[in-house]
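Given next are the chains, with one letter for each unit.
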Amino acid sequence: EVFGDDSSIGELIRRNVEKISFFTYGMGCVASSVAICNMIQIERTFHIELLRFGPFLKFWGTKVLVSIAFLQTIVFMLPVPPFSDMSTVQM
């Protein structure tokens, strides 16, 4: 098999799991930041059109949800009792 456990790619992945994990957390941070920046850009660009809609609290609520979704992955990595005993599925 090309991608099996005994293949060179499988061995490479197994040796670099921690690096790959931190890379994906970093990309999660970038994606969350880009999402929030895009929302700010939309808010600024369509400010006049959105006045009647009153989106201020809606935009803030979405920004908070995006931030919490990313930060929860960081919090679950903390080595404190409630989180350190959790399985991958529970996280």
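Residues numbered from 1 in each chain as written. Predicted model: local features only at pLDDT ≥ 70, side-chain atom pairs only at ≥ 80, totals over all residues. Heavy atoms only, no water.

### Side note on the packing of helix H2 (residues 17-45) against helix H3 (residues 56-76)
And then number 1: Viewed as axis vectors pointing N to C, H2 and H3 meet at an angle of 175°, and their least axial separation amounts to 10 Å. The pairing of H2 with H3 is recorded here as roughly antiparallel in orientation. In this structure, H2 uses Tyr25, Gly28, Cys29, Ser32, Ala35, Ile36, Met39, Ile40, Ile42 and Glu43 to contact H3, whose residues at the interface are Phe59, Thr62, Lys63, Val66, Ser67, Phe70 and Thr73.
And then number 2: Among the residues making up the contact of H2 with H3, the classes are represented as ten nonpolar, five polar and two charged. (Axes fitted to C-alpha atoms, helices over the stretch in contact; angles between N-to-C directions. Helix = DSSP H or I, 4+ residues; strand = E, 2+ residues; numbered from the N terminus. Parallel < 35°, antiparallel > 145°, perpendicular 65-115°, else oblique. Contact = heavy atoms within 4.5 Å. Nonpolar A, V, L, I, M, F, W, Y, C, P; charged D, E, K, R; others polar.)

### Remarks on the confidence of the model for the protein chain
And then number 1: Overall, the prediction assigns the protein chain a mean pLDDT of 81, with 91% of residues at 70 or greater.
And then number 2: Across the protein chain, element-level confidence peaks in H2 with a mean pLDDT of 87 and bottoms out in helix H4 (residues 81-84) with 76. (pLDDT = per-residue confidence, 0-100.)

### A short note on H3
Structural remark: α-helix, 3.6 residues per turn; residues separated by three or four positions point the same way.
And then number 1: An ideal rise of 1.5 Å per residue puts 30 Å on 21 residues; H3 measures up with 30 Å between its terminal C-alpha atoms.
And then number 2: When we look at burial in H3, the residues that qualify are Phe59, Lys63, Phe70 and Phe76.
And then number 3: Tucked into the core, H3 has its buried residues touching H2 and H4. (Expected span 1.5 Å × (residues − 1). Buried < 20%, exposed > 50% of the residue type's maximum accessible area, 1.4 Å probe, protein only.)

### Looking at the packing of aromatic side chains
What characterises a pair of aromatic rings is the spacing of the ring centres plus the angle enclosed by the ring planes.
And then number 1: Scanning the model with the defined rule gives zero aromatic pairs in all.
And then number 2: It is Lys58 that lies over the ring of Phe53; its NZ or CZ is 5.0 Å from the centre.
And then number 3: Cation over ring: Lys63 sits above Trp60, and NZ or CZ is 5.0 Å from the ring centre. (Phe/Tyr/Trp six-rings, centres within 6.5 Å; stacked < 30°, edge-to-face > 60°. Lys NZ or Arg CZ within 6 Å of the ring centre and 35° of its normal.)

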